[in-house]
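Examination of the molecular architecture
As a plain string of letters, each chain reads:
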Amino acid sequence: RALFRYVYFPASLPDVLTALRVSVGTAVAVLFIAEQSLTTYGLGYFIVVETYQVLRYPEMYAGILAMGLLGLILYLVIYHLELKVNRYLTEEPN
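Only a predicted model underlies this, so the values are computations on that prediction, with no experimental measurement involved.

Examining the environment of Val48
Within the element layout of this structure, Val48 appears in helix H2 (residues 43-52). A sequence separation of 15 residues divides Val48 from Ile33, and the C-alpha atoms of the two residues are 9.9 Å apart. The contacts of Val48, once residues within four sequence positions are left out, are Phe32, Gln36 and Gln53.

Some points on a nonpolar patch on the surface
Together, Leu65, Leu69, Leu72, Ile73, Tyr75, Leu76 and Val77 give the surface a local cluster of nonpolar side chains, amounting to about 630 Å² of exposed area. Residue position: Leu69 is located in helix H3 (residues 57-85).

Points about the packing of aromatic side chains
Applying the stated rule across the entire model yields one aromatic pair. Judged by centre distance (6.3 Å) and plane angle (45°), the ring pair of Phe4 and Phe9 falls under tilted. The exposure class of Phe9 is partly exposed, given its relative accessible area of 41%.

Re the nonpolar core
By size, the foremost hydrophobic cluster in this structure holds six residues: Val24, Val28, Ile47, Met60, Met67 and Ile78. Among the elements of the structure, helix H1 (2-38) and H3 are those that each provide at least two residues to this core. Not counting the four nearest positions on each side in its chain, Met67 is found in contact with Val28, Phe32, Glu35, Leu43, Gly44 and Ile47.

Remarks on the packing of H1 against H3
At a minimum axis separation of 10 Å, H1 and H3 run at an interaxial angle of 170°. Our classification of the angle between H1 and H3 gives roughly antiparallel. Where H1 abuts H3, its residues Leu13, Pro14, Leu17, Thr18, Leu20, Arg21, Val24, Val28, Leu31, Phe32 and Glu35 lie against Met67, Leu70, Gly71, Leu74, Tyr75, Ile78, Tyr79, Leu81, Glu82 and Val85.

Thresholds, definitions, all that
Residues numbered from 1 in each chain as written. Predicted model: local features only at pLDDT ≥ 70, side-chain atom pairs only at ≥ 80, totals over all residues. Heavy atoms only, no water. Helix = DSSP H or I, 4+ residues; strand = E, 2+ residues; numbered from the N terminus. Contact = heavy atoms within 4.5 Å. Patch = residues over 30% accessible without salt bridge, like charges linked within 9 Å, V, L, I, M, F, W, Y side chains within 5 Å. Areas by Shrake-Rupley, 256 points an atom, 1.4 Å probe, with all protein chains shown as cover. Salt bridge = Lys/Arg side-chain N within 4 Å of Asp/Glu carboxyl O. Phe/Tyr/Trp six-rings, centres within 6.5 Å; stacked < 30°, edge-to-face > 60°. Buried < 20%, exposed > 50% of the residue type's maximum accessible area, 1.4 Å probe, protein only. Core = buried A, V, L, I, M, F, W, Y, C linked by side-chain atoms within 4.5 Å. Axes fitted to C-alpha atoms, helices over the stretch in contact; angles between N-to-C directions. Parallel < 35°, antiparallel > 145°, perpendicular 65-115°, else oblique.

Below is the structure:
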């Protein structure tokens, strides 16, 4: 148990956080696809059905911008968590 806590977990944490940070883009893209085709609400539904199909382009681009900001905020949260947890990192992680 101590070996896991003091050796394995700290050694694997940088790779886990990097994988999580990289997968945020895929998660936001899957969220958009799922919302546009499987629900009647959400940001993906709003972008495709409520704005694009009725030619409300300013609202459509606002929804696209909101989706992009969601991905950026999630990415930055994980990035700062990675910097805080891995104190030895002084520059941007890969």
